[in-house]
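Inside the fold
One-letter residues, chain by chain:
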Amino acid sequence: QVQLMESGGGLVQAGGSLRLSCAASGSTASIGAMGWYRQAPGNERELVARYVIDGTIDYSDAVRGRFRISRNNARNRWFLQMDSLKPGGKAEYYCNVKSSWYDEWGQGTQVTVSE
């Protein structure tokens, strides 16, 4: 299994930037995909950005061009650089890892973008 810990959320004004971090511990060698999802109150959890083991990077249409996912060489820490944030209230951002035998989520970190 893998344990995840996010950090970096907070309050930011529209147009500003935040950088989220996710640290993974445990069976990280078996990770097949790693990424970020978010969930606003009353909405379903949605993909923001993710790496797949073959090197593919996916971004949601809502963030493409403004957000960037990156990771360290050991593939046990990844980041979400969020620029040009749009006002939209609060959302919980979750990091996620998947393998052939697990699908793990972090506890979430809250991001609030004010007008």
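Described below are features of the structure shown in this document. (Residues numbered from 1 in each chain as written. Predicted model: local features only at pLDDT ≥ 70, side-chain atom pairs only at ≥ 80, totals over all residues. Heavy atoms only, no water.)

1. What to know about the sheet that holds strand β3 (residues 18-26)
Defined as follows: At least two DSSP bridges between two strands are needed for those strands to be called paired. Here a helix means four or more residues in a row that DSSP labels H or I, a strand means two or more in a row labelled E, and each is numbered from the N terminus. Working convention: axes come from line fits to C-alpha atoms, limited for helices to the stretch in contact. Angles between N-to-C directions cover 0 to 180 degrees.
Ordered in space as β1-β3-β8-β7, the four strands form an open sheet in which the pairing is antiparallel. Pairing within the sheet leaves two strands with one partner each, and these edge strands are β1 (2-7) and β7 (67-71). Each neighbouring strand pair of the sheet contributes to a mean axis angle of 15°, computed without reference to strand direction. Where β3 meets strand β8 (residues 77-82), six bridges bridge the pair, whose relative direction is antiparallel. Its bridge partner lying in β8, Leu 20 is registered against Leu 80.

2. Let's talk about the state of the cysteines
Formally: The disulfide definition used here is simple: a pair of cysteine sulfur atoms within 2.5 Å. Only protein chains enter the accessibility calculation, which uses a 1.4 Å probe; a residue is then buried when its area is under 20% of its type maximum, exposed when over 50%, and partly exposed in between.
According to the stated counting rule, one finds one disulfide in the structure shown. Across the disulfide from Cys 22 sits Cys 95; the S-S distance is 2.1 Å. Its torsion about the S-S bond being 55°, the disulfide of Cys 22 and Cys 95 is classed as right-handed. Here Cys 22 is found in strand β3, whereas its partner Cys 95 is found in strand β9 (residues 89-98), with 73 residues between them in sequence. For the pair Cys 22 and Cys 95, a shared accessibility class is recorded, and that class is buried.

3. Examining the pairing of β1
Only one face of β1 is buried, namely the one carrying Val 2, Leu 4 and Glu 6, since none of Gln 3, Met 5 and Ser 7 on the opposite face is buried. Bridge analysis of β1 against β3 gives six bridges, and the strand direction is antiparallel. Its bridge partner lying in β3, Met 5 is registered against Ala 23.

4. A closer look at the pattern of salt bridges
The condition is simple: What counts as a salt bridge is simple: a side-chain nitrogen of Lys or Arg found within 4 Å of a carboxyl oxygen of Asp or Glu.
The tally for this structure, following the rule as stated, stands at four salt bridges. For the salt bridge of Glu 46 with Arg 38, the shortest nitrogen-to-oxygen distance reads 2.8 Å. By relative accessible area, Glu 46 is classed as partly exposed at 39%. With a closest N to O distance of 2.9 Å, Arg 50 and Asp 58 form a salt bridge. Residue Arg 50 is classed as partly exposed on the basis of its relative accessible area of 30%.

5. Regarding the side chain of Ser 21
Note the cut-off: Throughout, a contact is declared for two residues whenever any of their heavy atoms are within 4.5 Å.
The topology assignment puts Ser 21 in strand β3. For Ser 21, a relative accessible area of 11% puts it in the buried group. Sequence-distant contacts of Ser 21, that is, excluding residues within four places in its chain, are made with Met 5, Glu 6, Ser 7, Trp 36, Arg 77, Trp 78 and Phe 79.

6. Quick word on the pairing of β8
Strand direction decides the pairing type here: β7 and β8, joined by five bridges, are antiparallel. Counterpart to Ile 69 in the pairing with β8 is Leu 80. Counting the residues between successive antiparallel strands, the hairpin from β7 to β8 contains five residues, one of them, Arg 75, with a positive phi of roughly 55°.

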